[in-house]
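Below are the chains, spelled out letter by letter.
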Amino acid sequence: MKSTIALKARMFWWIVISLFFTQTGNSQQVASTSDYRFLKEVSLLPSKLKLEGDSIKFSLKGSIPVESVLIPRNPRLNLIFKATSSGIDLGEILLTKTVSSLTYEKKFSLKYESWMEGATLELNFFQGNKKTDVPFESRNLAKGVIAPQLMVRLGEVYPDEAIPQVGLYILTGEKDSEMEQREEFSFLFNVGTATLKPGTENAAVLKRIEEFLKRNPNVVDVKITGLQSPESAEEKNSQLGSNRAKSIGQNLISRFPEISESKITYESRWKTWFDFRILLGEYRGISTQRKDELYAVLLNDEPYPAQSARLKKVPGFSQASSDLFPKLRSVKVEITSRPLVGLDMEQTIKLREALSKPEMGNTLSFGEWALAAEASQSLEEKALIYSKMTELFRSPLPYNNMAVVRMRQAQRTLDQGSKEVLWEEAERLLEQAFRIASNPYALHNQGQILALKGEHWEAYKKLSEASGMTKKEEFIKSNELLRGALDILRGDYKLATLRFDFKITDPKDLFNKGLAYYMVGDYAMATVAFEESVIQGRSFGYGYYGLAMIAMQTGQGEIAAIHLKNAIDANKKLKEKAYLDPVFEELSKLPYFFDSFSN
């Protein structure tokens, strides 16, 4: 009964939304011609304010009638841009008298400030008493500023969101043991069954998992996603993917003691072309032209049955489905784990003595101290060890790593004063690390702090300097992803898309990647990145928000509403953002629409 009521409620909203979108244009036209006496003929270009570079540029043009009873006395026109807490008076606009009207035209360029996000551009008309401050007529021309590039994530911390990891440690080995290792595995099933397919392919996958866990036995989490291919034998059972996922989960638990039930997250997908689209990207069995035709259908946001019918009409689909469908009768397993590092019992005793009884001297090597710090899960303990290392050894490693500890401690406080004190100490440590020996880690970390402080150009210069100093893959990846985020803020969106040419699993970086493609108008690539952001972290919410922006750009209001609801349900911070965002102006006008998103 409850599900029926919920379904009817959703259907009601979609009907209301559809009617709203078909009538919006007419209602706006009536408002612009009927509600004003003197400010009837006003043209704002563009019609919604938009951030370009660091400025908002627009032009205002219009006319005021001066016929018969409409002749104004002492006419004046003034433009202001105001918000609750701030504002700017853009001054009086020159009026030019003609036979039947007073005309005006003026261009504006404003340097963007954060308060403008929810500000209103208001045109005021005065007449009569020259000294009056009360306008005879006012008209709101625009509200807010379209600035999706400002949503880019640089590692900032917001309440109720997961704390992003910032800073790069210098580690003792070639592999960054602090950084979690992720690897994806895929098990195959016979059509329509949830029993693991026998044979060498799945045996080889189990062997790969065994080898991965030997290298990285400290399992953080295991994500298991059951898939079903878009075939009739697979579609008829909606629980097939879920059953496959649970079957693999139990298999892994029984084989590998490193994996426990508490570490496993189960997901499944049914009646979706998402995974087929991912496989199609690397498929070479049909021509590029045929692939483009398939992509055109896969990205049109039609319901699953409609897409299925269209795909079957595309030449080449039969070949592609024959080759790719067997790969979709599968379960994807993503394991996140860490290698074991640290000291043995004897070394640990020596470490404690060196820290608590400095008069006894030090009997541990530089490498043993570094391993002890890397193995510690406590930032406070890491700080204690690195601080002692600065006394014992002349090396950039303890100074750089101590700075990273301070950066990560700063991430854990919302008090801005405390944050800045920790950043200041980190910057002093990084300067010392670089004086001891030029190294890219100190430069990267300096750039990260500058980015968090809003000094984006100075941050970019530090990261650019660091980029050519090492060939370590993980360092290059981290450095380029942060540079790409800053490229978006600098307005170099095309270059930003190139920066994200890595295998990315962090939902934050995937959102930034989608944002770069969104800004260059490549909505197909943006959609893929935003969807992957959702898959990697639904609670992050920003991936849904990106998909909602694309839906609005492509005229799919109902789809935008669905994605926006998911974004707000996942991340309450995005509700306030959506209210202010002119991209969703039409949706926000819908009565009680956002109230329906409340839990």
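Scroll up to find the structure.
Caption draft 1: Inspection of the packing of aromatic side chains at higher detail. A full pass over the atoms with the stated rule returns 22 aromatic pairs. Judged by centre distance (5.8 Å) and plane angle (50°), the rings of Phe81 and Trp115 are tilted. With a gap of 34 residues between them, Phe81 in strand β4 (residues 76–82) and Trp115 in the loop between β7 (101–111) and β8 (120–126) connect regions that are remote in the sequence. Considered together, Phe81 and Trp115 belong to a single accessibility category, that of buried residues. Plain terms: the ring middles of Phe366 and Phe393 are 5.2 Å apart, the flat faces sit at 90° to each other, and that makes the pair edge-to-face. In this pair, Phe366 sits in helix α10 (residues 366–375) while Phe393 sits in the loop between α11 (379–392) and α12 (396–411), placing the two residues 27 residues apart along the sequence. The rings of Trp273, Phe276, Tyr304, Phe317 and Phe325 are connected pair by pair, giving a single aromatic cluster. For the cation-ring pair, Arg76 lies above Phe126, with the distance from its terminal atom to the ring centre recorded as 4.4 Å. The ring centre of Tyr542 lies 4.6 Å from the NZ or CZ of Arg153, which sits over that ring.

Caption draft 2: Main features of the environment of Phe500. The topology assignment puts Phe500 in the loop between α17 (493–499) and α18 (507–519). The exposure class assigned to Phe500 is buried, which follows from its relative accessible area of 0%. Linking Phe500 and Leu482, residues 18 residues apart in sequence, is a C-alpha distance of 9.4 Å. Other than its neighbours up to four places away in sequence, Phe500 contacts Leu481, Gly484, Ala485, Ile488, Asp509, Asn512, Lys513 and Ala516.

Caption draft 3: How the structure looks around α11. With 14 residues, α11 ought to run about 20 Å at 1.5 Å a step, and its terminal C-alpha atoms sit 20 Å apart, in line with that. Where α11 is concerned, the buried positions are Leu379, Lys382, Ala383, Ile385, Tyr386, Lys388 and Met389. Among the structural elements, α9 (345–356), α10 and α12 are those in contact with the buried residues of α11. One side-chain oxygen of the residue at the start of α11 lies 3.3 Å from the amide nitrogen of Glu380, identifying that residue as Ser378.

Caption draft 4: Structural detail: the pattern of salt bridges. Tallying each qualifying case throughout the model produces 30 salt bridges. A salt bridge links Asp487 to Arg490; the nearest nitrogen and oxygen atoms lie 2.7 Å apart. A residue pair is termed a helical-turn pair when its members lie 3 or 4 positions apart in one helix, as Asp487 and Arg490 do in helix α16 (residues 473–490) at three residues. Judged by its relative accessible area of 34%, Arg490 falls in the partly exposed class. Taken together, the shared-partner salt bridges connect Glu480, Arg483, Asp487, Arg490, Asp492 and Arg499 into one network.

Caption draft 5: Here's a closer look at the environment of Arg139. Of note, Arg139 is situated in strand β9 (residues 137–143). On the accessibility criterion, Arg139 (11% relative accessible area) is buried. Separated by 99 residues in sequence, Arg139 and Lys40 place their C-alpha atoms 9.1 Å apart. In terms of polar contacts, Arg139 uses its side chain to reach the backbone carbonyl oxygen of Leu39, at 2.7 Å.

What counts, and where the lines are drawn
Residues numbered from 1 in each chain as written. Predicted model: local features only at pLDDT ≥ 70, side-chain atom pairs only at ≥ 80, totals over all residues. Heavy atoms only, no water. Phe/Tyr/Trp six-rings, centres within 6.5 Å; stacked < 30°, edge-to-face > 60°. Helix = DSSP H or I, 4+ residues; strand = E, 2+ residues; numbered from the N terminus. Buried < 20%, exposed > 50% of the residue type's maximum accessible area, 1.4 Å probe, protein only. Lys NZ or Arg CZ within 6 Å of the ring centre and 35° of its normal. Contact = heavy atoms within 4.5 Å. Expected span 1.5 Å × (residues − 1). Polar contact = N/O pair within 3.5 Å; in protein donor to acceptor, adjacent residues only side chain to side chain. Salt bridge = Lys/Arg side-chain N within 4 Å of Asp/Glu carboxyl O.

Purely geometric stuff here, so don't read any function into it on its own.
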